Amino acid sequence: MDNNAILTMRHISKNFPGVVALSDVDFTLRSGEIHALMGENGAGKSTLIKVLTGVEEFEAGNIRMQGMEHDIINKSPQMAQENGISTVYQEVNLCPNLSVAENLFIGREPKKAGMIDWKTMNKKSVEILGNLNIDIDVTRSLEHYSLALQQMIAIARAVDMSAKVLILDEPTSSLDEHEVEKLFQLMRQLKANGVGIVFVTHFLEQVYEICDRITVLRNGCLVGEYEVENLPRVQLVAKMMGKDFDDLSAIKKDQTACNKKECESIIEAKGLYHAGTIKPFDLVLKKGEVIGLSGLLGSGRSELARAIYGADKPDDGELFVKGTKILVSAPIDAMKHGMGYLPENRKEEGIIPELSVRENIVIALQAKKGMFKLLSKKEQEEFTDKYIELLQIKTASRETPIKQLSGGNQQKVILGRWLLTNPDFLILDEPTRGIDIGTKTEIQKLVLKLASEGMSVMFISSEIEEMIRTCSRMIVLRDGRKVGELEENELSQMSIMKAIAGGGENE
Amino acid sequence: MSKSKSMIKKVTGFRLFLPLACLFLVLIINVIKTPSFFNITIQNGVLYGYIIDVINRGSELVIFAVGMTLVVAASGGTDISVGAVSALAGAVCCFVLSGGEQSTDFYHAPYLLGIIAAILIGMICGAWNGFLVAKLRIQPMVATLILFTAGRGIAQLITDGQMIYLRVDHFKMLGASIPGVPLPTPVFVAIIVVILTYILLKKTAIGLYIETVGCNSKAARLVGLNSTMIQFLTYTFCGICSGIAGLIITSRVYSIDANNAGLNLELDAILAVALGGNSLGGGKFSLLGSVIGAYTIQALTTTLYAMSISADQIPVYKAIVVVIIVTLQSPEFQKMRKALVAKISSGKTVKEAA
């Protein structure tokens, strides 16, 4: 037994109806270490954490915390917290309209004569944040601060509630590089203070940057526990996927289907403008082209896509489809002109959670056809089966509610939804975010295949490597303006970074 | 053993199992309390009996519940003006047919005109609610509160604060029965409304649209649906239903009493939707569930009357039963029930093994 172990989980098993979610999984966390929990979607990472934090019950096994005589079984997240286990999720679970101090002390406010003692609360908040090198005005409401800061405040809260074990579930998914670095500083400091951190992420680079050890899960089983320095990346990926590493870089584009000058232009925007997000913008997109939009969060890359699709109605500018001017006031207009749009925020804008996989797939086509041309049950089932097979969607049946699918499979359903409408132009905004490597590769391959068949794709991603692999041309945005355009032969990590950062400007 | 178990699972897993079970429960209590509950007699060629009474009296509620179901599904909110709108529609109908007289024994205008006027006013009220909710994005409860309070006032204006009596035999038929037909007319009206709505939902994509908008209106917009229009349509449809129900209510008493027509029925309608196993948060819905819910409520009301409980006390008893039914259907209770079943069946297998 590991003497330094702050948390040990042994032989944990958990079944969901029809699925073994966890089978005989061991997990050990030492104090003062950052431990990566890795695995593809559906590997059991989330379930393991839910079991640990009392969100789900487990059927067999035991959990033990250092310094406690008995095994613990957490029945609720509150109980887990009392036992010293705190979790910070990707979506910050705080109240944006309350002040930072209130958020830090919600539910345990310092009191004086039965009333909240604001002075002490604010003073203590400054102290807590000061210890973590965060210097902000604690009386301002939380929503004033960036997502990264909000996350750090959530972490500060968790740590202050005497957490010995801190679980960070995909904390970096929506942060930019600078913010990630700040978060890492904070994590290192907590580590020095002896907190054990469980770090769940999909980003390999980050694992190698900050973690000490890695536990890999696959299909609900433990694959192994490794020291980071002893496990090369390729092997880690191989262990996660359980097959020989399908080298991502092996995906190579075919030569662009035709000479660009001869190709017909599909989408042309002139002076497209949306107040507050994008400055007047010109853009030409050719048939069979995969165009990348790159830039930092808030640079206008998603907003530009939304303006073209009519998701946010542009304030000014003209849009041409195949040379004809069109008016787009709502997404349906864009769809009628052969566009499709996979939104950045899958949970809020993509899936229709209660409805079945079938309904989620046919809905866009049905909306396009109109209310009175109902697709027959048989047609709907045929279409659904086709895309379940084509995209290898893992679902119990076509009538399963989409909310029961894993993130990657949900994304595939939405992709299927748009492919079914047979678009000429498909906008993919962060299609691979929060998705395991296997599915990522599949989606990238699919994009290239679609483009070679003549579809134009607009690809937006924060992962530059992924963009380089898939895009034939890239537009770089900064502050809502086009600051660079790179042709295929100029695409490299360096050139893109340079364009994003801006030549010589101090940003 | 396992076969019977899976059978039980199949039956209890059926979506309408709970609403049906609740209806059954109420009916069983009826039979115990009033053994003559299912007796049907024929008087003057018309069927009589408690059960006929439930089906007959429940008609308005069924019609209200149909409209309410769609409103709830599309907007995640409720239309609390339906009772008042039905009173208004009744008032307009009576006003048109009586030509403004307080009491009359012949039609001053064609009967059909009165019907159309009532349905039209219901539709206008519904459209108004829909405009407030879907276009102006006002909270459904607040938006429909306007007509909830103002509707009866407008009805009073039309009737000049008086009751209007239409002592025409023909006018009574809608609320009573047509000579030669053994079942009361409202039953047929309710059935027709339900069937037409069902066909509308099954033969067009509107059902799918409503569920999509109700589940996730942001996603609905991005897949090309006009959420505003769909919500607007459901409120308008709900208004039409209120108009039809108003006609039946008026015809039953061949008069309009703007203060009391359809009073408190909006609450029963919302309850019917909930009892039908529909989430009041919107999204997926079952029309049939709401219909069953409506008849359950009516069966309950009739039972209480049959037990000669005074009208003033009925709400108390109703509340008790509703608490029980809603508890039975709550997710937490379902969890407890499942855990219990699992415990018992595992205990059984242990015994068998021993």
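Residues numbered from 1 in each chain as written. Chains lettered and ligands numbered in written order. Predicted model: local features only at pLDDT ≥ 70, side-chain atom pairs only at ≥ 80, totals over all residues. Heavy atoms only, no water.

Chemist: Got a sec to walk through the overall build of chain A? Specific residues and values, please.
Modeler: Helix and strand content of chain A: 17 helices and 21 strands. With the C-alpha coordinates of chain A rotated into their principal frame, the extents come out at 75 × 50 × 50 Å. Long-range pairs, those at least 24 residues apart, make up 66% of the contacts in chain A between residues at least 6 apart in sequence. Of the roughly 22700 Å² of accessible surface on chain A, 48% is carried by carbon and sulfur atoms. (Helix = DSSP H or I, 4+ residues; strand = E, 2+ residues; numbered from the N terminus. Contact = heavy atoms within 4.5 Å. Areas by Shrake-Rupley, 256 points an atom, 1.4 Å probe, with all protein chains shown as cover.)

Chemist: I'd like to hear about the sheet that holds strand 3 (residues 103-104) of chain B, residue by residue, with values.
Modeler: Residues and elements named next belong to chain B. Strands sit in the order 3-4-5 across an open sheet of three strands; the sheet is mixed. Edge positions in the open sheet fall to strand 3 and strand 5 (255-256), since each of these has one partner strand only. Across two bridges, strand 3 lies against strand 4 (residues 164-166) in parallel orientation. Opposite Ser103, over in strand 4, you have Tyr165 as the bridge partner. (Pairing = 2+ DSSP bridges.)

Chemist: Give a detailed account of the packing of aromatic side chains, specifying residues and quantitative values.
Modeler: Under the definition given, this model contains eight aromatic pairs over all chains. Aromatic pair Phe184 of chain A and Phe199 of chain A: ring centres 6.2 Å apart, planes at 85°, arrangement edge-to-face. Taken together, the positions of Phe184 of chain A in helix 6 (residues 177-192) and Phe199 of chain A in strand 9 (residues 196-200) put the pair 15 residues apart, joining distant regions of the chain. We note that Phe184 of chain A, like Phe199 of chain A, is buried. Taking 5.6 Å as the distance between ring centres and 20° as the angle between the ring planes, the aromatic pair formed by Tyr107 of chain B and Tyr111 of chain B counts as stacked. What makes Tyr107 of chain B partly exposed here is its relative accessible area of 22%. The structure contains a cluster of three or more aromatic residues connected by ring pairs, namely Tyr309, Tyr341 and Trp418 of chain A. The ring centre of Tyr254 of chain B lies 4.4 Å from the NZ or CZ of Lys172 of chain B, which sits over that ring. (Phe/Tyr/Trp six-rings, centres within 6.5 Å; stacked < 30°, edge-to-face > 60°. Buried < 20%, exposed > 50% of the residue type's maximum accessible area, 1.4 Å probe, protein only. Lys NZ or Arg CZ within 6 Å of the ring centre and 35° of its normal.)

Chemist: Give a description of the pairing of strand 19 (residues 456-460) of chain A that names residues and reports values.
Modeler: Residue and element names in this part refer to chain A. Of all five residues that make up strand 19, five are buried, and the element is covered over most of its length. What you see with strand 19 is no split at all: Ser456, Met458 and Ile460 on one side and Val457 and Phe459 on the other are buried throughout. The pairing of strand 14 (residues 290-294) with strand 19 spans four bridges and is parallel. Looking at the pairing, Val290 lines up with Val457 of strand 19. Where strand 18 (residues 425-429) meets strand 19, five bridges bridge the pair, whose relative direction is parallel.

Chemist: For the nonpolar core, give the residues involved together with the corresponding values.
Modeler: Ile308, Tyr309 and Met339 of chain A are the most contacted members of the largest nonpolar core, which totals 157 residues. Per element, the largest residue contribution to this core is 12 residues, and it comes from helix 3 (residues 50-75) of chain B. Excluding anything up to four places from it in sequence, Met339 of chain A contacts Ile267, Ile308, Tyr309, Leu319, Val321, Ile326, Ala334, Trp418, Pro423 and Phe425 of chain A. (Core = buried A, V, L, I, M, F, W, Y, C linked by side-chain atoms within 4.5 Å.)

Chemist: Lay out the interface of chain A and chain B with the relevant residues and their values.
Modeler: Bring the parts together and some accessible area is lost; that lost area is often taken as the interface size. Taken residue by residue, the interface counts 29 residues in chain A and 20 residues in chain B. Of the roughly 2000 Å² buried at the junction of chain A and chain B (both faces included), carbon and sulfur atoms supply 67%. Summed over the shared surface of chain A and chain B, the result is two salt bridges. The partner of Glu348 of chain A in a salt bridge is Lys218 of chain B, with the nearest N and O atoms 3.5 Å apart. For the side of chain A that touches chain B, the secondary structure elements donating two or more residues are helix 10 (331-336), helix 11 (346-350), helix 12 (357-369) and helix 14 (407-420) of chain A. Ranked by residues supplied to the side of chain A that touches chain B, first place goes to helix 12 of chain A with six residues. Classifying every residue of the side of chain A that touches chain B gives 19 nonpolar, four polar and six charged. (Buried area = accessible area lost by both parts, 1.4 Å probe. Salt bridge = Lys/Arg side-chain N within 4 Å of Asp/Glu carboxyl O. Nonpolar A, V, L, I, M, F, W, Y, C, P; charged D, E, K, R; others polar.)

Chemist: An account of the environment of Ile146 of chain B is needed here, citing residue identities and associated values.
Modeler: All names here are of chain B. Among the structural elements, Ile146 can be located in helix 6 (residues 140-159). With 66 residues separating them in the primary sequence, Ile146 and Ile80 have C-alpha atoms 9.3 Å apart. Once you skip the residues sitting within four places of it in the chain, Ile146 turns out to touch Trp128, Leu132 and Gly151.

Chemist: Break down a nonpolar patch on the surface for me, citing the residues and quoting the values.
Modeler: Side chains of Phe188, Ile191, Ile192, Ile195, Leu196 and Ile199 of chain B sit close together on the surface and give an oily, nonpolar patch of about 540 Å² of accessible area. Summarising the element assignment, Ile191 of chain B is placed in helix 8 (residues 185-203). (Patch = residues over 30% accessible without salt bridge, like charges linked within 9 Å, V, L, I, M, F, W, Y side chains within 5 Å.)

Chemist: Quick one: what's the story with the pattern of salt bridges, residue by residue and with numbers?
Modeler: All names here are of chain A. Taken as a whole, this structure holds 31 salt bridges over all chains when the rule is applied. Across the salt bridge formed by Glu181 and Arg188, the nearest N and O atoms sit 3.7 Å from each other. Taking relative accessible area as the criterion, Glu181 reaches 30% and is therefore assigned partly exposed. With relative accessibility at 36%, the residue Arg188 sits in the partly exposed group. Residue Lys412 pairs with Glu442 through a salt bridge whose shortest N-O separation is 3.2 Å. Highlighted residues: Lys412 in helix 14 and Glu442 in helix 15 (residues 437-452), separated in sequence by 30 residues. The exposure class assigned to Lys412 is buried, which follows from its relative accessible area of 5%.

Chemist: Please set out the confidence of the model for chain B residue by residue, giving values where relevant.
Modeler: Residues with a pLDDT of 70 or more make up 94% of chain B, whose mean pLDDT is 89. Two summary scores accompany this predicted model of the complex, namely pTM at 0.76 and ipTM at 0.85. (pLDDT = per-residue confidence, 0-100.)

Chemist: Requested: an account of helix 6 of chain A, with residues and values cited.
Modeler: Residues and elements named next belong to chain A. End to end, helix 6 covers 23 Å across 16 residues, agreeing with the expected 22 Å (1.5 Å per residue, within 8%). Listed as buried for helix 6 are Glu179, Val180, Leu183, Phe184, Leu186, Met187 and Leu190. Summarising the axial view, the buried residues of helix 6 lie within an arc of 160°, below the 170-degree limit, and thus occupy one face. Those residues of helix 6 that are exposed and angled more than 90 degrees off the buried face are Glu177, His178 and Ala192. Buried residues along helix 6 sit in contact with strand 3 (34-38), helix 5 (147-160), strand 8 (165-169), strand 9 and helix 7 (204-210). Looking one or two residues beyond helix 6, the residue adopting positive phi is Gly194, at roughly 95°. (Expected span 1.5 Å × (residues − 1). Arc of directions from axis to C-beta.)

Chemist: Give me the lowdown on the side chain of Asn103 of chain A, citing residues and values where you can.
Modeler: Residues and elements named next belong to chain A. As for its placement among the helices and strands, Asn103 is situated in helix 3 (residues 100-105). Within the local environment of Asn103, its side chain forms a polar contact with the backbone oxygen of Leu98, the two atoms lying 3.4 Å apart. Other than its neighbours up to four places away in sequence, Asn103 contacts Leu94, Cys95, Leu98, Leu142 and Arg157. (Polar contact = N/O pair within 3.5 Å; in protein donor to acceptor, adjacent residues only side chain to side chain.)

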